[in-house]
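A closer look at the structure
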Amino acid sequence: PVFEWFDKYLKEPLEKTTVHFKIKYYSPESSFLLFKIMQKLQYLKDYGNHVSVKWFYDDDDETILETGKDLQDIFGMDIDLIKRKNIDEVCLSFT
């Protein structure tokens with residue numbers, strides 16, 4: 001459902017897109033999904049839209065932090081890495 005919605009959004013995006021990632025745990029499946037979402041965000045950026053990514057990670061979870069850094073390097077996109085205590089939700093939100 002997320003990708004169906006995202007594909008529809010790509011046809012008529014807002015001038016500015018902000019995405020909040022709040023990741024509680026990481027797996028190979030989530031890695032694949034995150035990569036696909038970042039590809040779509042890169043598409044928006046390549047076509048002149050302003051894209052802002054906020055990457056929330058638990059203050060004691062180095063894996064999630066490193067994943068955010070890796071995605072930043074792979075896609076050449078500025079990602080705000082934001083340390084939080086006790087992330088109690090898993091969420092992806094667009095504004």
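Quantities reported herein were computed from a predicted structural model and do not represent experimental measurements.

1. Some thoughts on the nonpolar core
Ranked by size, the top nonpolar core spans 21 residues in total, and within it Phe 21, Met 38, Leu 41 and Trp 55 carry the most contacts. Of all the elements in the fold, those that place two or more residues in this core are helix H1 (2-11), strand S1 (16-22), helix H2 (28-46), strand S2 (50-58) and helix H3 (62-75). Non-local contacts of Leu 41, meaning those with residues more than four positions away in its chain, are made with Phe 6, Val 19, Phe 21, Val 51, Val 53 and Met 77.

2. So, the pattern of salt bridges
As enumerated under the stated definition, the model contains three salt bridges in all. The salt bridge partner of Lys 54 is Asp 80, with a shortest N-O separation of 2.9 Å. With Lys 54 in strand S2 and Asp 80 in strand S3 (residues 79-84), the pair connects residues that are 26 residues apart, well separated along the chain. On the basis of relative accessible area, Asp 80 is assigned to the partly exposed category, the value being 37%. Here Lys 69 makes a salt bridge to Glu 66, at a shortest N to O gap of 3.7 Å.

3. A word on the confidence of the model for the protein
Mean pLDDT for the protein: 86, with 89% of residues reaching 70 or above. For the protein, per-element mean pLDDT is lowest for strand S4 (residues 91-94), which scores 56, and highest for H3, which scores 93.

4. Side note on H1
Among the residues of H1, Phe 6, Tyr 9 and Leu 10 are the ones counted as buried. Across the axial projection of H1, the buried residues extend over an arc of 100°, all falling on one side. Away from its buried face by more than 90 degrees, H1 exposes Glu 4, Lys 8 and Lys 11.

5. What to know about the packing of aromatic side chains
Counted according to the given criterion, the structure contains six aromatic pairs. Between Phe 35 and Phe 75, the ring centres sit 5.1 Å apart and the planes meet at 50°, which makes this aromatic pair tilted. Residue Phe 35 is found in helix H2, and its partner Phe 75 is found in helix H3; the two are separated by 40 residues along the sequence. Its relative accessible area of 31% is what places Phe 35 among the partly exposed residues. Residue class for Phe 75 comes out buried when judged on its relative accessible area of 12%.

Cut-offs used in this document
Residues numbered from 1 in each chain as written. Predicted model: local features only at pLDDT ≥ 70, side-chain atom pairs only at ≥ 80, totals over all residues. Heavy atoms only, no water. Core = buried A, V, L, I, M, F, W, Y, C linked by side-chain atoms within 4.5 Å. Buried < 20%, exposed > 50% of the residue type's maximum accessible area, 1.4 Å probe, protein only. Helix = DSSP H or I, 4+ residues; strand = E, 2+ residues; numbered from the N terminus. Contact = heavy atoms within 4.5 Å. Salt bridge = Lys/Arg side-chain N within 4 Å of Asp/Glu carboxyl O. pLDDT = per-residue confidence, 0-100. Arc of directions from axis to C-beta. Phe/Tyr/Trp six-rings, centres within 6.5 Å; stacked < 30°, edge-to-face > 60°.

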